[in-house]
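So you can see what is in the structure, the chains are spelled out below.
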Amino acid sequence: MARDHIRLISELHEVCDRNLQKGALSSLYGEVVALVAKHLRADVCSIYLFNEKTLKLALTATRGLKL
């Protein structure tokens, strides 16, 4: 189990590094939800970002969520 978590952290680091070098935040979020869902064997995984101006959460990336 611990090895799986270490592998997930390592893969997340690679995904973040690759996307941030390209300046591609939108693809970063998509890759992160896909990777986390795969490692956790989750049907649904989403990232919400808090908008400080509107004081609301905004769905930024999702996998498996039926809209």
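Given the structure is predicted, the values throughout are model-derived calculations rather than measurements.

**Structural notes on unusual backbone geometry**
In most cases, non-glycine residues show a negative phi, while peptide bonds are predominantly trans. Its identity is not glycine, yet R41 carries a phi of approximately 55°, on the positive side. Within the secondary structure, R41 sits in the loop between helix 2 (25–40) and strand 1 (45–51). Unlike most non-glycine residues, L55 shows phi in positive territory, near 60°. You can see L55 is positioned in the loop between strand 1 and strand 2 (56–63).

**Observations concerning the pairing of strand 2**
Judged from the seven bridges that link them, strand 1 and strand 2 form a sheet pairing that is antiparallel. Residue pairing across strands places C45 opposite R63, the latter belonging to strand 2. Hairpin remark: strand 1 followed by strand 2, antiparallel, with four residues in the connecting loop; positive phi at L55, about 60°.

**Considerations on the confidence of the model for the chain**
Interpretation of this model should avoid reading the predicted coordinates in detail wherever pLDDT is low. Of the residues in the chain, 99% have a pLDDT of 70 or more, and the chain-wide mean is 90. Predicted confidence in the chain is weakest over helix 1 (residues 2–22), with a mean pLDDT of 86, and strongest over strand 1, with 96.

**Some details on the nonpolar core**
Counting residues in hydrophobic clusters, the biggest one holds twelve residues: L8, V15, L28, Y29, V32, V33, L35, V36, A37, C45, I47 and A61. Secondary structure elements with two or more residues in this core: helix 1, helix 2 and strand 1. In terms of residues, this core owes the most to one element, helix 2, which gives seven residues. Setting aside chain neighbours within four positions, we find L35 in contact with L8, E11, L12 and V15.

**Thoughts on the pattern of salt bridges**
In the structure shown here, the tally under the stated rule is two salt bridges. Salt-bridge contacts for R18 lead to E31; the nearest nitrogen and oxygen are separated by 2.6 Å. Residue R18 is found in helix 1, and its partner E31 is found in helix 2; the two are separated by 13 residues along the sequence.

**Regarding the side chain of H39**
Position of H39 relative to the elements: it lies in helix 2. Taking relative accessible area as the criterion, H39 reaches 17% and is therefore assigned buried. Among the polar contacts made by the side chain of H39, one reaches the side chain of E11 at a distance of 3.3 Å. Once you skip the residues sitting within four places of it in the chain, H39 turns out to touch D4, R7, L8 and E11.

What counts and what doesn't
- Along each chain, numbering runs from 1 in the same order as the chain's sequence is written.
- Owing to the predicted nature of the model, reporting of local features is limited to residues with pLDDT of at least 70; listing and counting of side-chain atom pairs is limited to 80 or more, with chain, interface and lining totals taken over all residues.
- To get the side-chain values, all heavy atoms of the structure are used, and hydrogens and water are removed first.
- Each helix is a run of DSSP H or I of at least 4 residues and each strand a run of E of at least 2, with the numbering of both proceeding from the N terminus.
- Here, a strand pair is defined by DSSP locating no fewer than two bridges between the strands.
- Each residue carries a pLDDT score, the predictor's confidence in it, ranging from 0 to 100.
- Here the nonpolar core consists of buried residues drawn from Ala, Val, Leu, Ile, Met, Phe, Trp, Tyr and Cys, with membership extended through side-chain atoms lying within 4.5 Å.
- A simple rule labels every residue: compare its accessible area, found with a 1.4 Å probe on the protein chains alone, to the largest value its type can have, and call it buried under 20%, exposed over 50%, or partly exposed in between.
- By the convention used here, residues are in contact when the closest approach between their heavy atoms is within 4.5 Å.
- One side-chain nitrogen of Lys or Arg within 4 Å of one carboxyl oxygen of Asp or Glu is enough to make a salt bridge.
- Any N or O atom pair separated by 3.5 Å or less is treated as a polar contact, with the protein-specific requirement of one donor-capable and one acceptor-capable atom, and with residues adjacent in sequence counted only for side-chain atom pairs.

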